[in-house]
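# An overview of the molecular structure
Here are the chains, one letter per residue:
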Amino acid sequence: MSDTTLDGVAGTAAGSVAVVHIVRGEVDHGAQTTHGRPGAAFTAPALDLDRLVWPRSEPGPAFQVPVAEIVDLLVETGEALRADRAGLLAEALERMVRVSPLPAQVLERAYAVLWRSFRRPNLYAQIDHELGGTDVLDGWREVGLPDDRTAAVRAFPPRLVHIIAGNAPGVAAMSVVRGALTKGVNLLKLPSNDLFTATAILRTMAAVAPGHPVVRSFSAVYWRGGDETVESVLFRPQFFDKLVAWGGEATIRGALRYVGPGFELVSFDPKTSISLIGREAFESPETLARAAEAGAADATFFNQQACVASRFQFVEGSRDDADRYAALLCERLGVAREFSSADGPRVAAGLREEIDVLRSLAPEYRVWGGYDGRGLVIRSPEPVDFHPDGKIVDVVPVADLSEAVGHAGVATQTVGVYPPTRKAELRDALACAGVQRVVSLGGAGGMPPGLSHDGFYPLQRLMRWVNDE
Amino acid sequence: MASAREQIRSLVLSGDPFDQPADELKELRLEAARETFTAHRERIPLLRTRAEETGVREITSLDDLVPLLFSHTSYKSYPVSLITAGRWDRLLRWYTTVSAVEPDDVDVDGVRDIDEWTDRVTAAGHRPYITSGTSGKVSFLNCDASDLSFLHDILEQLTCWPDPLPPKPVRRGYLLAPASGPMRSIDGFRWHAEVFARPEETRLLTEDPMRVSELMSSALLRRRMAEGTATPREISSFESASETRERELGAALARIVEDIAAHRDEPLLIAGMNNQQFSLIQALRARGVPDGSLHPDTLVLSGGGNKGRALPDDYQQQFAAFYAGVRRVRSYGMTELQGSCLACEKSRYHIPPWVIPLVLDEPGETLLNAEHGVVEGRFAFLDVSLEGRWGGLISGDRVLVDFSPCECGRAGPVVLPDIQRYGDLGGDDKITCAATLDSYVRGMIHG
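What counts and what doesn't
Residues numbered from 1 in each chain as written. Chains lettered and ligands numbered in written order. Predicted model: local features only at pLDDT ≥ 70, side-chain atom pairs only at ≥ 80, totals over all residues. Heavy atoms only, no water. UniProt positions renumbered as here; feature names shortened; annotations may be inferred. Helix = DSSP H or I, 4+ residues; strand = E, 2+ residues; numbered from the N terminus. Rg over C-alpha atoms; globule rule 2.2 N^0.38 Å. Buried < 20%, exposed > 50% of the residue type's maximum accessible area, 1.4 Å probe, protein only. Core = buried A, V, L, I, M, F, W, Y, C linked by side-chain atoms within 4.5 Å. Contact = heavy atoms within 4.5 Å. Phe/Tyr/Trp six-rings, centres within 6.5 Å; stacked < 30°, edge-to-face > 60°. Lys NZ or Arg CZ within 6 Å of the ring centre and 35° of its normal. Pairing = 2+ DSSP bridges. Domains from an automatic or database assignment. Buried area = accessible area lost by both parts, 1.4 Å probe. Salt bridge = Lys/Arg side-chain N within 4 Å of Asp/Glu carboxyl O. Polar contact = N/O pair within 3.5 Å; in protein donor to acceptor, adjacent residues only side chain to side chain. Nonpolar A, V, L, I, M, F, W, Y, C, P; charged D, E, K, R; others polar. pLDDT = per-residue confidence, 0-100. Axes fitted to C-alpha atoms, helices over the stretch in contact; angles between N-to-C directions. Parallel < 35°, antiparallel > 145°, perpendicular 65-115°, else oblique. Left-handed = near helix turned anticlockwise from the far one by under 90°.

Per an unreviewed UniProt entry, chain B carries the name Acyl-protein synthetase LuxE domain-containing protein and comes from Streptomyces asoensis.

Chain A has the name Acyl-CoA reductase in an unreviewed UniProt entry, where Streptomyces asoensis is given as its organism. Per UniProt, chain A carries the Sequence similarities (unreviewed entry) text "Belongs to the LuxC family." Here chain A is described in UniProt, under the heading Catalytic activity (unreviewed entry), as follows: "a long-chain fatty aldehyde + NADP(+) + CoA = a long-chain fatty acyl-CoA + NADPH + H(+)".

## Let's talk about the overall build of chain A
Scanning chain A from terminus to terminus reveals 16 helices and 20 strands. Relative to the compact-globule value of 23 Å for 469 residues, chain A shows a C-alpha radius of gyration of 24 Å, a close match. Along the first, second and third principal axes, the C-alpha set of chain A runs to 80 × 70 × 40 Å. For chain A, the residues scored as buried account for 56% of the 469 residues in total.

## Some thoughts on the environment of I351 of chain B
Residue and element names in this part refer to chain B. Following the sequence through the fold, I351 ends up in the loop between β11 (349-350) and β12 (355-360). Given a relative accessible area of 6%, I351 falls into the buried group. Sequence-wise, I351 and V414 are 63 residues apart; in three dimensions their C-alpha atoms are separated by 5.9 Å.

## A short note on the nonpolar core
Generally speaking, soluble globular proteins have nonpolar side chains that are buried together. Among the nonpolar cores identified, the biggest contains 134 residues, and L276 of chain A together with W117 and F140 of chain B are the most heavily contacted of them. Those residues in contact with F140 of chain B that lie beyond four places of it in its chain are Y75, Y78, W94, Y95, I114, W117, T118, P128, Y129, I130 and V212 of chain B. Counting 78 residues, the second largest nonpolar core, distinct from the first, contains A44, V65, V215 and L462 of chain A.

## Regarding the packing of aromatic side chains
The final tally for this structure, using the stated rule, is 26 aromatic pairs over all chains. Geometrically, the ring pair formed by F70 of chain B and Y75 of chain B is tilted, given 6.2 Å between the ring centres and 45° between the ring planes. Accessibility classification places F70 of chain B together with Y75 of chain B in one group, the buried group. Of the aromatic side chains, those joined through ring pairs into one cluster are Y78, W94, Y95, W117 and F140 of chain B. Note that R119 of chain A overlies the ring of W115 of chain A, its terminal NZ or CZ placed 5.4 Å from the centroid. The ring of F456 of chain A has R461 of chain A lying over it, and the distance from NZ or CZ to the ring centre is 4.8 Å.

## Brief notes about the sheet that holds strand β1 (residues 17-18) of chain A
Residue and element names in this part refer to chain A. If you walk across this open sheet you meet the 3 strands as β1-β5-β4, and the pairing is mixed. Taken across any chain shown, the strands that pair with only one partner, and hence form the sheet edges, are β1 and β4 (32-35). Across 2 bridges, the pairing between β1 and strand β5 (residues 42-45) is parallel. When the sheet's bridge partners are listed, A18 is paired in β5 with T43.

## Some thoughts on the domain arrangement of chain B
Residue and element names in this part refer to chain B. If you check the domain split of chain B, you get domain 1 (4-144 + 335-446) and domain 2 (160-328). Taking only C-alpha atoms, the centre of domain 1 and the centre of domain 2 are 25 Å apart. In this assembly, domain 1 packs against domain 2 so that about 2900 Å² is buried in total across both faces, 63% of it on carbon and sulfur atoms. R211 is the partner of D115 in a salt bridge, and the nearest nitrogen-oxygen pair spans 3.4 Å. At the junction of domain 1 and domain 2, the tally comes to 10 residue pairs in polar contact (both at pLDDT 80 or more). Those elements giving two or more residues to the side of domain 1 that touches domain 2 turn out to be α4 (81-84), α6 (114-123), β2 (126-132), β3 (138-144), β10 (341-343) and α13 (438-441). Ranked by residues supplied to the side of domain 1 that touches domain 2, first place goes to β2 with 5 residues. When grouped by side-chain class, the residues that make up the side of domain 1 that touches domain 2 number 18 nonpolar, 14 polar and 8 charged.

## Topic: the pairing of strand β9 (residues 185-189) of chain A
Each regular strand carries side chains that alternate between the two faces of the sheet. All names here are of chain A. Burial runs high along β9: 5 of the 5 residues are buried. A two-sided burial pattern is seen for β9, the buried positions comprising V185, L187 and K189 on one face and N186 and L188 on the other. The sheet contact formed by strand β8 (residues 159-163) and β9 spans 5 bridges and is parallel. By the bridge assignment, L160 is partnered in β9 with N186.

## Quick look at the pattern of salt bridges
Residue and element names in this part refer to chain A. Summed over the entire model, instances satisfying the criterion amount to 55 salt bridges over all chains. When the shortest N-O distance is used, the salt bridge between E293 and R337 registers 2.7 Å. Taken as a pair, E293 in helix α11 (residues 285-299) and R337 in the loop between α12 (319-333) and α13 (349-359) lie far apart in primary sequence, 44 residues in all. Among the charged side chains, a network of salt bridges with common partners joins R279, E280, E316, D400, R422 and E425.

## Here we look at unusual backbone geometry
Residues Y418 of chain A and P419 of chain A are joined by a peptide bond in cis, for which omega reads -10°. Examined against the element boundaries, P419 of chain A turns out to sit in the loop between β18 (412-418) and α15 (423-433). For the bond running from G412 of chain B to P413 of chain B, omega is -10°, close enough to zero to count as cis. With respect to the element layout, P413 of chain B can be found in the loop between β14 (392-402) and β15 (414-415). Unusually for a residue other than glycine, D147 of chain A sits at a positive phi of about 65°. Note that D147 of chain A resides in the loop between β6 (141-144) and β7 (150-156). Its relative accessible area of 71% is what places D147 of chain A among the exposed residues. With a phi angle near 60°, S347 of chain B is a residue other than glycine that sits in the positive phi range. Looking at the secondary structure, you find S347 of chain B in the loop between β10 and β11.

## Focus on α6 of chain B
All names here are of chain B. Turning to α6, its buried residues are I114, D115, E116, W117, T118 and V121. Buried residues along α6 sit in contact with α4, α5 (88-98), β2, β3 and α9 (212-227). The N-terminus of α6 is capped by D113, whose side-chain oxygen sits 3.1 Å from the backbone nitrogen of D115. At the exit of α6 stands G125, carrying a positive phi of roughly 95°.

## Thoughts on the confidence of the model for chain A
Across chain A, the average pLDDT comes to 92, with 96% of residues at or above 70. Every residue in residues 1-14 of chain A is under pLDDT 50, and counting partners more than four places away or in other chains gives 11 contacts.

## Considerations on the confidence of the model for chain B
All names here are of chain B. On average, chain B scores 89 in pLDDT, and the residues at 70 or more come to 92%. Throughout residues 441-447 the model reports pLDDT below 50, and contacts reaching past four residues in sequence, or to other chains, amount to 20 contacts. Here the predicted complex carries an ipTM of 0.79, next to a pTM of 0.85.

## Things to note about the packing of helix α11 (residues 274-286) of chain B against helix α12 (residues 315-322) of chain B
All names here are of chain B. Here α11 crosses α12 at 50°, and the two axes come no closer than 11 Å. Classified by the angle between their axes, α11 and α12 sit oblique to one another. Of the two possible hands of crossing, α11 and α12 adopt the one that is left-handed. Where α11 approaches α12, its residues N274, Q277, F278, I281, Q282, L284 and R285 are matched on the opposing element by Y315, Q318, F319, A321 and F322. Its residues assigned to classes, the contact of α11 with α12 comprises 7 nonpolar, 4 polar and 1 charged.

In structure tokens form, the structure reads like this:
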């Protein structure tokens, strides 16, 4: 081996990061093992598989805890996250900055608002809208049947193993909240692009109420995604009811191998998002500015790393109209917002080349902006073949917004529409094409609690619905 | 005085191009890099743009080449819609930005499909070689007439280097390939057959030409699926057409198996991509032909990625076992470079003099080349021999390159046998909820 190679390896070994594991609510102090590749190595405690399951012969720790008490605990946890007196979030953030593709300031702002998912109205919105109230969580709800019969149903606590996504820290918060509200037991598998947020939240909760049944209902550990020695053992109906898996095609396809009778998949599929800009945007310089700002906000959510981030924007108008919008949009992409930074990652070499080639195909194609990560817009006669990523937006002129509906499909999650008054005429067709969310342009980021997610009500889907007939 | 590029090209006729004095070759390569940059910058707009954007005006060292390297996707960076909508003039315009073809050279009047378009480019004195990836979108890699004749020189002079084979047509030939098609492997197999096999005794897998539209059919169908316009019947007929083709190829392979079994005491030429070779070996073994039983003057050519079809991890060992005792071309290469890196007696791949190896870090940004010793990184190169296109490219391969003299006694650098694709190394397991539409259509159709 040459000096170059050896130096490289030595440098990364010295800089590797220690990942904390939570097992049944407590920090695991087991022996460390090394994971990751050179350049992105980290250590984590070796897994004790026996400790990662809650035996079915006994109820989970929080099965009988009243939901009001759980809500109180979550609210308190939220306050503790906001204050971060023990510095747990600060420590996680410091480690995240070293490994996350997101810029430090975006991570900082995301961490600063993690507590919002724990607010009381948010929690009750989920319980009320998704389950119809707390009664069905705390006991048996009587329901009337045809022929004057009655029965009772209960949303029974489930046993869940979660494969969470790491592209936005809020995913960890959302998973902890949903898991706690179910009263079930929850094993979280940490993704390599967010090894720290979930454990920081769980440690904060443990500090608020040490040994609380809900605290004891959570574990969060890392194993390499797809590692059969772990997954073929744990992903069994003997231990868990459902696998709650966030996107990544490989993740979902890998998970499918284990799905079978008694072991269900709840999949937050990988998704992509688009925007539709109506001709009203061109009524005045003000409306155009408003539309471009809203379009930019949607495109830059988590610097376009999130599934709600818009990548293709269809503009109702001529090529010249689209160019006016595109130019303004490009300017607005380079503006820092709550969940995006002015600078983003440099455009990857492969994409750069594709875009260079499109530049040479003028006037059918036109490009604004550079490759420095501050934002780039391509105007093309139809959607480009590649996946715009890293603050790149493809603007496509259409004669009528209804034409753009043809570009939405089952992979399209969020469609932002400008002006909001145009949503009503488009939403049925978009839903028919496979879309799950139609929002006012600029409102793609941050899903409100209590609404459906990826086409279903997550809390309702996570529960085990049991009847007494 | 011949130009540096001409001098380097002429090394192929020198007897042993792989054993050149290192220092002299280094100077010659750098000079040839300067020449090729100057020449191609004038003719290839994408290179010109890149040079302007990165501010590289001249080549003073290998470092200057790094920002000028293309990625393999540049050769398939056209919008597919140009093909689906039959915008042949636009496709040509794209092609002229990535290769040394002038728009006025090619007549695209009346072109009806991508095969006709490819034929027109060929008729204009260029050869667009096609490579296909798993996505189904094909790359078009331009060669001109001098590139093709250089390729032919390489195979005449260097086949089976370091113990080159006399160019005599004395073998019974089997080409596990279609009769023709714009793929370099098909040309390579045919030319090898012309040089090393008896023409009347050469058999093909199929007499049909390989059509570009067929190679692209999965990409085109995928596009229609993504748009939601493909019907179940279309998908089903695509799948059954694939099955029919597989069956026909299977029958053709069975006939070849019988013929090889009957003639295995004679010198043979067996050429085919790795997956065809693998099927052939399995069938011959099943037919009772034992490992190592072919005539020792048999020449075996194989290669190519096994895209979309997984071969067992030990397929190379299986090839070596079955073909023990015969002449095999052992090389590391890709359509993107002229000729291959050929294995010496020590099984290390010697880089031809016209190829400047550039070992980069994984992102492909920093040059790691060393004076001596082994460097691990992403394989990139500038092939200074190419006239039809810019030969500077970054590959997807993770290689170990030894810059010291080789154990075989010749000068380096050499690529060590442990070659992997970065894509196959697994990488990390980052999970994100953001995805492309591809996730939703891939897997529904094969290939």
